Amino acid sequence: MAERSLLFVPGSRPERFGKALAAGADITCIDLEDSVAPAGKEGARVAALAFIAEKGAPDHLWLRINPVRSKAGLADLLAVLDSAAGPRTLMLPKLSDPSDLDFLAELLGDRSLSLVPLIETAAGLRQAASIARGLHVTALLFGAVDFAAELGCTLDWEPLLFARSSLVAAAAEGGIGLFDVPSIDVADMEGLRSSTQRAKALGFTGRACIHPSQVAVVNEVFTPSQADIDRAHRVVDSFAQAGGGVALLDGKLIEMPVVRAARRVLAAAGR
């Protein structure tokens with residue numbers, strides 16, 4: 001099944017690591033950046049890498065490091081390289097220049113790691129398509145809070161629609177996943193559901209969460225319904241029966257773009 005939900009847990013709270021991992025999110029990401037005060041960076045780094053090693057570095061346990069070209073970020077990278085069982089995926093905050101990915105590739109050498117850049121600056125948005133095509137990049141995450149702060153706009157849907165739409169196109173060009181920003185109002189479940197539905201309709205493939213209570217809603221929205229799955233099967237079958245040519249289903253035209261959308265539904269359902 002496709003990765004629908006990503007739950008952040010502060011690197012400074014190691015007592016929460018296990019609970020976050022058991023919260024039902026497709027991905028758990030230990031955060032060494034925004035949720036950790038400068039004085040706690042080293043301790044969080046040690047605790048995060050120890051937990052990841054203890055769990056055997058599973059694919060669904062990620063690590064968000066500090067910005068690549070910062071002192072803390074370089075310390076994070078060196079610690080990961082020195083770890084015998086480090087994370088298999090690194091999240092890269094405030095990545096705005098594709099050359100940072102080249103720098104990482106040179107630093108990592110033969111170490112095979114998946115990379116998930118956060119697009120949270122105007123410069124990053126301008127370079128999003130190039131970043132999405134970068135070596136070892138498997139997904140993007142929209143850092144709307146930092147992005148809105150830089151632009152001086154609100155976090156409402158309309159002011160950020162252009163950025164979201166641009167990122168959907170960039171991720172599609174790179175053939176990778178795209179996570180939307182977490183909802184910062186953890187008490188507003190209806191708002192979470194509504195905005196997640198809008199993100200899915202726009203083309204996002206998943207959403208990040210900052211509280212375990214948000215995970216179930218995000219998973220539900222990004223999981224195709226049985227009706228969606230049944231129709232997708234019918235679309236694919238009708239197209240196959242037509243020998244790969246144009247077909248009609250329930251009076252509607254079925255051609256390759258419709259079939260591709262149906263196949264995406266089946267892939268999201270894990271069928």
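Residues numbered from 1 in each chain as written. Predicted model: local features only at pLDDT ≥ 70, side-chain atom pairs only at ≥ 80, totals over all residues. Heavy atoms only, no water.

- Per an unreviewed UniProt entry, the protein chain goes by the name HpcH/HpaI aldolase/citrate lyase domain-containing protein and belongs to Niveispirillum lacus.
- The heading Cofactor (unreviewed entry) in the UniProt record of the protein chain holds the text "Mg(2+)".
- The UniProt entry for the protein chain carries this comment under Sequence similarities (unreviewed entry): "Belongs to the HpcH/HpaI aldolase family." (UniProt positions renumbered as here; feature names shortened; annotations may be inferred.)

## Overview of helix α10 (residues 215-222)
- Along α10, 6 of the 8 residues are buried, which leaves the element largely enclosed by surrounding structure.
- Listing the buried residues of α10 in full gives Val215, Val217, Val218, Asn219, Val221 and Phe222.
- Where α10 is buried, its residues meet β1 (5-10), α9 (189-202) and β8 (206-209). (Buried < 20%, exposed > 50% of the residue type's maximum accessible area, 1.4 Å probe, protein only. Helix = DSSP H or I, 4+ residues; strand = E, 2+ residues; numbered from the N terminus. Contact = heavy atoms within 4.5 Å.)

## Quick word on helix α4 (residues 99-108)
- Taken residue by residue, α4 has Asp100, Leu101, Leu104 and Leu108 as its buried positions. Angular distribution of buried residues about the axis of α4 spans 100 degrees; they occupy a single face of the element. Those residues of α4 that are exposed and aimed more than 90 degrees away from the buried face are Asp102 and Glu106.
- Residues of α4 that are buried make contact with α3 (71-82), β4 (89-92), β5 (114-119) and α6 (128-132). (Arc of directions from axis to C-beta.)

## Concerning the packing of α9 against α10
- One way to put it is that α9 packs onto α10 with a least axis distance of 10 Å and a crossing angle of 30 degrees. As for the relative orientation of α9 and α10, their crossing is right-handed in sense. The segment α9 lies against α10, with Met189, Leu192, Arg193, Thr196, Gln197 and Lys200 engaging Val217, Val218, Glu220, Val221 and Phe222.
- Along the lines of polarity and charge, the residues of the contact of α9 with α10 split into 6 nonpolar, 2 polar and 3 charged. (Axes fitted to C-alpha atoms, helices over the stretch in contact; angles between N-to-C directions. Left-handed = near helix turned anticlockwise from the far one by under 90°. Nonpolar A, V, L, I, M, F, W, Y, C, P; charged D, E, K, R; others polar.)

## So, the domain arrangement of the protein chain
- Taken domain by domain, the protein chain consists of domain 1 (5-222) and domain 2 (226-269).
- Inter-centroid distance (C-alpha atoms) of domain 1 to domain 2 is 33 Å. (Domains from an automatic or database assignment.)

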